[in-house]
Amino acid sequence: MAEIPQVALARDESHLIGEAKAGNYAAFEELVNRYEKKIYRLGMNITGNREDAEDVLQEAFLKAFEHLPDFREDSRFYTWVVRIAVNEALMKLRKRRSSREVPMETSEDENGEVLVREFADWKPNPEQQFAQVELERILQSAANALPPGFRTVFYLRDVEGLSTEETAEVLDLTVGAVKARLFRARLRLREELSKIFKRGSIQ
Amino acid sequence: MKCNQAIKELSGYLDGELDPELKQTLEAHLTYCNHCHAVFDSTKKTIELYCDGKLFSLPDDVRTRLHEALKRKLHGRR
Ligand SMILES: [Zn+2]
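Residue and element names in this part refer to chain A. The domain boundaries assigned to chain A delineate domain 1 (6-97) and domain 2 (107-197). Relative to domain 2, the C-alpha centre of domain 1 lies at a distance of 24 Å. Counting residues at the interface gives 17 residues for domain 1, matched by 13 residues for domain 2. Buried area between domain 1 and domain 2, summed over both chains or domains, comes out near 1500 Å², and the portion from carbon and sulfur atoms is 52%. Remark: the boundary between domain 1 and domain 2 carries three salt bridges. Counting across the interface, domain 1 meets domain 2 through six residue pairs in polar contact (both at pLDDT 80 or more). Counting residues per element, the ones that place at least two in the side of domain 1 that touches domain 2 are α2 (25-47) and α4 (77-96). Examining the composition of the side of domain 1 that touches domain 2, we find that seven residues originate from one element, α4, more than from any other. For the side of domain 1 that touches domain 2, the class distribution of residues is eight nonpolar, four polar and five charged.

What follows is the structure, given as structure tokens:
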């Protein structure tokens, strides 16, 4: 029977890790090649600027290399690197703003239920009205309206495609907390973007 | 189903975690409630926008510096 690519890839990866642990630099570089784009984007998304994202990218892979002997293959290599990168990124934010994480601004009713304030329809394909750079700026500024702990959950789950359990493991949160944060983050981002993308807005 | 109940199931619905009965009730609500339909639709769109692979792509010079740093690290150890 033909082997499904996913399995082949996993086996290949565990071979690469073995080689890298044995000191084969080319094998480690191949692992870096696979995930560098994602880790850079993660850094951009959490820290919100290029310099920090570059630092996060370098630190994450340098530390991964350094700690490779400690890597146990009971989790994916990618998830492991993501955890290192997220820690680096959050540390950068803490250094940059000495303030503690502010609670997320959402409207709630007396039962603690999240209230939605904006019900407007969006224009079709709103992204097509903006140049790439402009769109990046819009998405980033919406994300910056969220506390780092919330936008990190959003990125890991919805952009990087980690499972709820993997996200919980990476961030040291309970599964319930991941779900609650994801829900609020999604609604809040939508609300921020609605200001720009809704029907009848100026652009 | 009321709107606030529908909104509460937003995440579960997007993640395909609702049991069939609840999913059906919710979808019925979404067919006649323009408000909730707009919220669900634009939330899906929000996620799609952030998932766009072209965004925040790794610049060549950043990649080059990463690989140089890795090489330096490796040679420093030997
Ligand atoms: Zn409704």
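Note on metal geometry: ideal angles are 109.5 degrees for four donors arranged tetrahedrally and 90 or 180 degrees for six donors arranged octahedrally. Residue and element names in this part refer to chain B. Protein coordination of the zinc ion is provided by C3 (SG), H29 (NE2), C33 (SG) and C36 (SG), with donor distances spanning 2.0 to 2.4 Å. Considering all four donor atoms around the zinc ion, angles at the metal cover 103 to 116 degrees and the coordination shape is tetrahedral. For C36, a relative accessible area of 0% corresponds to the buried category.

The next subject is the interface of chain A and chain B. At the interface, 50 residues of chain A touch 40 residues of chain B. When the two sides are added together, the surface that chain A and chain B hide from each other amounts to roughly 4300 Å², 65% of it contributed by carbon and sulfur. Per-residue buried area on chain A facing chain B is highest for Y25(A), F119(A) and R186(A); these three make up 15% of the total on that side. Counting the contacts that link chain A with chain B gives seven salt bridges. In this structure, the salt-bridge partner of E54(A) is R65(B), at a minimum N-O distance of 2.7 Å.

So, about the confidence of the model for chain A. Per-chain confidence: chain A averages 86 in pLDDT, with 84% of residues scoring 70 or above. Averaged over each element, pLDDT in chain A is lowest for helix α1 (residues 5-21) of chain A (80) and highest for helix α3 (residues 50-66) of chain A (95).

Mapped onto the elements of the fold, P148(A) is located in helix α6 (residues 148-159). Along the chain, P148(A) and N45(A) lie 103 residues apart, while their C-alpha atoms are 9.6 Å from each other.

Residue and element names in this part refer to chain A. Considering the arrangement of structural elements, one finds L68 in the loop between α3 and α4. Residue class for L68 comes out buried when judged on its relative accessible area of 1%. C-alpha separation for the pair L68 and I138, spaced 70 residues apart in sequence, amounts to 37 Å.

All right, on to the nonpolar core then. Among the nonpolar cores identified, the biggest contains 69 residues, and F28(A), I39(A), F77(A) and Y50(B) are the most heavily contacted of them. The residue makeup of this core includes at least three contributed by each of domain 1 (6-97) and domain 2 (107-197) of chain A. Ranked by size, the runner-up nonpolar core spans 13 residues in total, among them I7(B), L10(B), L26(B) and F40(B).

Turning our eyes to something else, we now look at the packing of helix α5 (residues 132-143) of chain A against helix α8 (residues 175-197) of chain A. All names here are of chain A. Where α5 contacts α8, the two axes come as close as 9 Å, and the packing angle between them is 140 degrees. When the interaxial angle is binned, α5 and α8 end up oblique. Where α5 crosses over α8, the handedness of that crossing is right-handed. Of the residues in α8, those in contact with L135, I138, L139, A142 and A143 of α5 are L189, E192, L193, I196 and F197. Looking at the contact of α5 with α8 residue by residue, the class counts come to nine nonpolar, no polar and one charged.

Quick notes on the rules
- Residues numbered from 1 in each chain as written.
- Chains lettered and ligands numbered in written order.
- Predicted model: local features only at pLDDT ≥ 70, side-chain atom pairs only at ≥ 80, totals over all residues.
- Heavy atoms only, no water.
- Domains from an automatic or database assignment.
- Contact = heavy atoms within 4.5 Å.
- Buried area = accessible area lost by both parts, 1.4 Å probe.
- Salt bridge = Lys/Arg side-chain N within 4 Å of Asp/Glu carboxyl O.
- Polar contact = N/O pair within 3.5 Å; in protein donor to acceptor, adjacent residues only side chain to side chain.
- Helix = DSSP H or I, 4+ residues; strand = E, 2+ residues; numbered from the N terminus.
- Nonpolar A, V, L, I, M, F, W, Y, C, P; charged D, E, K, R; others polar.
- Donors = N, O, S within 2.8 Å, 3.2 Å for Na, K, Ca; no water.
- Tetrahedral: all angles 85-135°; square planar, octahedral: opposite > 155°, others 65-115°.
- Buried < 20%, exposed > 50% of the residue type's maximum accessible area, 1.4 Å probe, protein only.
- pLDDT = per-residue confidence, 0-100.
- Core = buried A, V, L, I, M, F, W, Y, C linked by side-chain atoms within 4.5 Å.
- Axes fitted to C-alpha atoms, helices over the stretch in contact; angles between N-to-C directions.
- Parallel < 35°, antiparallel > 145°, perpendicular 65-115°, else oblique.
- Left-handed = near helix turned anticlockwise from the far one by under 90°.

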